[in-house]
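Topology and contacts: notes
Here is how the chains run, residue by residue.
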Number of protein chains: 2
Amino acid sequence: MNKLYVTKIGGNVLDDDNALNKFLKDFASIQAPKILIHGGGAMATKIGNKLGIESNYVNGRRITDRETLDLVTMVYGGLINKQIVAHLQQWGCNALGVTGADGNMIKAVRRPVREIDFGYVGDITPDSVNSTLLYFLLKQNVVPVFAPLTYSEGQMLNTNADTIASVLAISLSKHFDVRLIFCFEKKGVLRDVNDESSVMRMLNEAEYKRLLKEGAFHDGILPKLENAFSAIHSGVKEVLIGQADDLVRNTRVDTEGTLITL
Amino acid sequence: MNKLYVTKIGGNVLDDDNALNKFLKDFASIQAPKILIHGGGAMATKIGNKLGIESNYVNGRRITDRETLDLVTMVYGGLINKQIVAHLQQWGCNALGVTGADGNMIKAVRRPVREIDFGYVGDITPDSVNSTLLYFLLKQNVVPVFAPLTYSEGQMLNTNADTIASVLAISLSKHFDVRLIFCFEKKGVLRDVNDESSVMRMLNEAEYKRLLKEGAFHDGILPKLENAFSAIHSGVKEVLIGQADDLVRNTRVDTEGTLITL
């Protein structure tokens, strides 16, 4: 099977024009089928503030009310997504910007209300992915660029970008040898959050669970780790967590980041 | 060659939820390859006002400065485009929302500065369309839904939706028998702008030029007529201008609107 790079990029890069330009140039240079998933960054909050849209959080998790949904649909699905596509096209990469609604590629289930109503949030599993069209696009040398949005019942929904990256990687492992790469601001998963150089070259599940119990991980890394281990369990050959700057190395064998293993 | 319906929908329908829902249900029911192009409507101006973005016009034409470009990218390319896609998916129509940047489908030229600098506006011709991917998508029963945005040199650009509809129709006439349908609020092109029932069943070029000289046409209809005649001249088999409500009839032989002829 051919190699496929499923790459997720987050706010730290999206919010920095120079870092984003460098990243997109690097991404465009990868000579293989590839998919990019982007998060949202600070832009939605910035524009939301100007529009007087309050950010509501419960237990550190954002509530996506109607106004917030429209905001993220336009900022993530429109502004950021299309700016990325236009840049990639300039580097000769045939990018096609999409959400889960487009081509019915990721059909979610709206999160049921339990103690908290998270609003317009979509929950997904690998079975949420309709991979036929995606596979066809990849075969046509098109590079899908996913915004962190899915849909259900005629309704757009907010969905975590790390989760989208993971379910796409799992679903496409039917057709490709997938390397799933989570790119963020650190060089990898740090053994000591206060020591930037303490990158774990590898992290297996037993060690992950042990460190999780100890509370050793920074909050921001938790969704990546959860999604990374879910992917490794579900047929994704290789999962890496590393720095956006190291993207090109992280598509080769001389990787810099943290390799996730069973 | 197979039939292809290239359908353009404008502000009067986009700004009315009931009208839009009815239109999308009708559009989804068309049993043939089809493309939808949507305009923008009032939403961008409404959101722009909240963001304090001034609308600048010269000779009745909007100047697309940087702020305005970002605004239309997010509102047309994000909010409106994805809401339409999500609705169409609910009606069983496999919609894929795109701009000209996505898949490099419409690569524009930024309008050169002459007496007026229109800003980030993209000019296009039928040669601006890269129809290979479009053709493959249509063969896969995907329904492309175009927002009125193109791109050039890594930069998104604002482009008139009627013009996008026309160049897509012309370009795809290589592969399909195209009927290009401009949907708006009147039942067709009116002989007398004050008489809603004075629909011209047909309009040929000589009559069009005569009435143009007389100033008989309402301003709003002019870009549609210009683009309609350009399409008829360039290989599009059938061009209709009619009411959004009459869409289904206008895809058959018992059309209601105005048929444009050479």
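Now for a look at the structure at hand. Here the residue numbers are simple positions, counted from 1 along each chain's written sequence. All chains are assigned letters beginning with A, and all ligands numbers beginning with 1, in the order in which they are written. Local features in this predicted model are restricted to residues whose pLDDT is 70 or higher, and side-chain atom pairs enter the listing and the counts only when it is 80 or higher, whereas totals over whole chains, interfaces and linings include all residues. Values reported for side chains reflect all heavy atoms of the structure, with hydrogen atoms and water molecules removed beforehand.

Quick look at helix 4 (residues 66–90) of chain A
All names here are of chain A.
- The helix count covers DSSP runs of H or I at least four residues long, the strand count covers runs of E at least two residues long, and both are numbered beginning at the N terminus. Between the first and last residue of a helix there are one fewer steps than residues, each counted as 1.5 Å, and that sum is the expected span. Taking 1.5 Å of rise per residue, the 25 residues of helix 4 would be expected to cover 36 Å, and the 35 Å separating its terminal C-alpha atoms lies within 8% of that figure.
- Asn-81 marks the point of greatest bend in helix 4, at about 30°.
- Accessible area is worked out with a 1.4 Å probe on protein chains only. A residue is then buried under 20% of its type maximum, exposed over 50%, and partly exposed in between. Within helix 4, 19 of the 25 residues are buried, which leaves the element mostly enclosed by the surrounding structure.
- Among the residues trailing helix 4, Gly-92 stands out with phi positive, at a value near 80°. At any given residue, the bend is defined as the angle formed between two axes, one fitted to the seven residues that end at that position and one fitted to the seven that begin there.

Brief notes about the sheet that holds strand 13 (residues 238–243) of chain B
Residues and elements named next belong to chain B.
- Spatially, the 8 strands line up as an open sheet ordered 5-8-2-1-11-13-14-12, and their pairing is mixed. Strands at the two margins of the open sheet, each flanked by one partner only, are strand 5 (95–98) and strand 12 (202–204). Across this sheet, the average inter-strand angle for adjacent strands is 20°, counted without regard to direction.
- Two strands make a pair as long as DSSP finds a minimum of two bridges between them. Note: strand 1 (residues 3–9) against strand 2 (residues 34–38), 5 bridges, orientation parallel. Residue pairing across strands places Thr-7 opposite Leu-36, the latter belonging to strand 2.
- Here helix 2 (residues 17–29) sits on the sheet in contact with strand 1, strand 2, strand 8 (143–146) and strand 11 (177–184), set at roughly 160° to strand 2. Helix axes use the C-alpha atoms of the stretch in contact, all axes being lines fitted to C-alpha atoms, and the angles between their N-to-C directions lie in the range 0 to 180 degrees. Any pair of residues with heavy atoms lying within 4.5 Å of one another is described as a contacting pair.

Topic: the interface of chain A and chain B
- With 39 residues of chain A in contact, the opposing surface of chain B contributes 39 residues.
- For any pair of parts, buried area is found by adding up, for both, the accessible area (1.4 Å probe) each one loses once the two are put together. Across the chain A/chain B interface, buried area totals approximately 3,000 Å², and carbon plus sulfur atoms make up 67% of it.
- Among the residues of chain A in contact with chain B, A:Met74, A:Lys82 and A:Phe136 are the three that bury the most area, contributing 18% of the side total.
- We define a salt bridge as a side-chain nitrogen of Lys or Arg found within 4 Å of a carboxyl oxygen belonging to Asp or Glu. Linking chain A with chain B are 2 salt bridges, by the criterion used here.
- Across the pair A:Lys82 and B:Asp102 runs a salt bridge whose closest N-O atoms are separated by 3.0 Å.
- Counted as a polar contact is a pair of N or O atoms within 3.5 Å, where, for protein atoms, one must be capable of donating a hydrogen and the other of accepting one, and residues adjacent in sequence contribute only when both atoms are in side chains. Seen at the junction of chain A and chain B, the total is 14 residue pairs in polar contact (both at pLDDT 80 or more).
- Breaking the side of chain A that touches chain B down by element, the ones donating at least two residues are helix 3 (43–50), helix 4, strand 5 (95–98), helix 5 (131–139) and strand 10 (155–158) of chain A.

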